[in-house]
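Summary of the model geometry
The chain contents come next:
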Amino acid sequence: MISAPRVSRVFWGTWSSTTANSYDSTWSTLAATPSFYLRVSEYGIGLGTSGSRTNYTAGATGSRTETQIQSGLTSSLTSAGIVPTSQEVFVIFLPSGTTSLTDTNNGWAGHHSSYTATISGHSYTVRYAVIEYSSDPNYTNPVVSHELMEAFSDPDLNNWYEPGGNEIGDVCRFVAAPGGYASLAGVQVETVWSQKGCLCVAERDLNGVDRNLTGTAMSTVFRPSSQTWFGYGASPWWIFGASTDVPYAGDYNGDGRTEYSLFRDGSSASVFILDTAAGVFSGTTWGTTGDIPVSGDFDGDGKTDIAVWRPSNGTWYVKKSSDGSTLTQQWGVSTDVPTPGDYDGDHKTDFAVLRLSDHKWYVIPSSNPAGAYWALWAATAGDIAVPGDFDSDGFTDFAYWHPATGTFFVWSFQGGVSYSQQWGQSGDIPVARDYDGDFRSDLAVWRPGNGTWYYIYSTTGGTGSLQWGQAGDVPIERSVLR
């Protein structure tokens, strides 16, 4: 297992500088993107870094044996004065006209392996991946992501095989779209297999309150009386905001770490974001009096977008993090509850509302905006919407909590399965998130009377509790507020 990956790029032979630079830029960026690694944190793979770029112009063309590729990589490293580390994976990009016999003989688009090399009189284990040439980045980039994830989890081809003989990338390779592919930092990559979630995953929940990059939600409260954020196990605690601000959270810069955010109501409403990693905050004028802050990745770039829903006209206003432009969509009426989520599994947030008056959820799927639909799921006045992925199928489920009886009602629209679970009591606040890192939302409530969180863990079905907070605090729930 490679616990702290370092991704270096080797361009074999003759390349168009434009194409090579494009791939190098893509993978030097993704190699330093936490979301690329957090999805496999359950295997002991930590955050990675970007390594060096080498242009091995002496690489011969034509069909290359594995021995020839290994010899060429050794020569390239020796010439460049690079000493490989135990955490490093070298991605060898083959140019047009050059192929690997290992790949052609097996019908592969790439592969990964390791060997022992002697460099400057010392012996090193070298881990590498070979990528066959394609002029289509949307073909090549998923192959690179596939081979890297397998190289991290099975660097020496002796680890992480499931009973069918597959590695964590193989299981997801032929999964039908959108399950097999996703956009991560604006790049098409392949999903990977989660043993905990038993599904192919693209990345963690952007709005999951994962401040410490653990892959699990952190129980967090905002104390209006002192304008202080308290995250369990986090240090330091942060004084940020005003007592009347509405607290929520998201990953606005794409670093994989949750930022705290606040919505300040008013004629010139504003959203304030605290980057706890850097210790700095920023503010954006967005919205107006009476708007409801919502967060999600509406443009699919791997970052949370600044967004509000306006009850007065039922319109969504989104500031797209990808280019700063404004996306507006009229969807809903003044008495609706905004319930954004990824209902179609395409890794983009969909516009959705719950209309308690007729017990229906109304959704515009981002993959097919013309195919808007409603779903009848009998929430009534006073019920609280808690959409999430409770069955780990990659789709947001319709779910609500009934305060009178303290009962969760969940319907997996895609799976066609519904159930209810009594958990909590009147006066509690539902805080359903992924607390055990299995890519499933866990049933959970926070009790203001004693400041205690109560969980049902989806991995084991067991229960747990945590005293964290006090009366008057605001638990940081999902990004849907009412």
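The text that follows walks through the structure, step by step, so that each part is easy to find. (Residues numbered from 1 in each chain as written. Predicted model: local features only at pLDDT ≥ 70, side-chain atom pairs only at ≥ 80, totals over all residues. Heavy atoms only, no water.)

Focus on the pairing of strand β13 (residues 228-231)
Cut-off, in case you're wondering: Here's how the labels work: a residue is buried when its accessible area is under 20% of the maximum for its type, exposed when over 50%, partly exposed in between, all with a 1.4 Å probe on protein chains only. Per the convention used, a helix needs a DSSP run of H or I reaching at least four residues, while a strand needs a run of E reaching at least two, with both numbered from the N terminus. For two strands to be treated as a pair, DSSP must find no fewer than two bridges joining them.
Burial along β13 is two-sided: the face carrying T228 and F230 and the face carrying W229 and G231 are both buried. As defined by bridge partners, strand β12 (residues 220-223) adjoins β13 across four bridges and the pair is classed as antiparallel. Bridge assignment links R223 to a residue of β13, and that residue is T228. Hairpin connection of β12 to β13: four residues between the antiparallel strands, including Q227 at a positive phi of 50°. Counting the residues between successive antiparallel strands, the hairpin from β13 to strand β14 (residues 238-239) contains six residues, one of them, G233, with a positive phi of roughly 85°.

Observations regarding the sheet that holds strand β33 (residues 452-456)
Strand order across the open sheet formed by four strands is β31-β32-β33-β34, with antiparallel pairing between neighbours. Whereas interior strands pair on both sides, the edge strands pair on one side only; in this sheet they are β31 (429-430) and β34 (463-467). The pairing of β31 with strand β32 (residues 443-447) spans two bridges and is antiparallel. Each bridged residue has a counterpart across the sheet, and for P430 the counterpart in β32 is V445.

Considerations on the packing of aromatic side chains
What counts is decided by this rule: A pair of Phe, Tyr and Trp rings is counted when the ring centres sit within 6.5 Å of each other, with Trp represented by its six-membered ring. The angle between the planes then sorts it: under 30 degrees is stacked, over 60 is edge-to-face, the rest tilted. Throughout this description, the term charge over a ring refers to an Arg CZ or Lys NZ atom that lies within 6 Å of the ring centre and within 35 degrees of the ring normal.
Following the criterion strictly, the structure yields 35 aromatic pairs and no others. Through successive ring pairs, a cluster of aromatic residues spans Y343, W361, Y373, W377, F398, Y400, F409, W411 and F413. Directly above the ring of Y362 sits R355, whose terminal nitrogen or CZ lies 4.3 Å from the centroid. Sitting over the face of the ring of W374, K360 holds its NZ or CZ atom 3.9 Å from the ring centroid.

Points about the state of the cysteines
Simply put, the disulfide is a covalent bond whose two ends are the sulfur atoms of two cysteines. Using the following cut-off: The definition used for a disulfide is geometric: two cysteine sulfur atoms within 2.5 Å.
Throughout the structure, instances matching the rule amount to one disulfide. A sulfur-sulfur separation of 2.2 Å characterises the disulfide bridge that pairs C172 with C200. Taking the torsion about the S-S bond as the criterion, the C172 to C200 disulfide, at about -100°, is left-handed. Of this pair, C172 sits in helix α6 (residues 170-173) while C200 is found in strand β11 (residues 199-201), placing the two residues 28 residues apart along the sequence. Its relative accessible area of 0% is what places C172 among the buried residues. Judged by relative accessible area, which is 18%, C200 ranks as buried. Free cysteine C198: the closest other cysteine sulfur is in C200, separated by 11 Å. Its relative accessible area of 48% is what places C198 among the partly exposed residues.

Comments concerning the sheet that holds strand β27 (residues 384-385)
Pairing in this open sheet of four strands is antiparallel, and the strands run β27-β28-β29-β30 from one edge to the other. Each of the sheet's edge strands pairs with one partner strand only, and the pair in question is β27 and β30 (417-422). Pairing between β27 and strand β28 (residues 398-402): two bridges, direction antiparallel. Residue pairing for β28: A385 is matched across the bridge by Y400.

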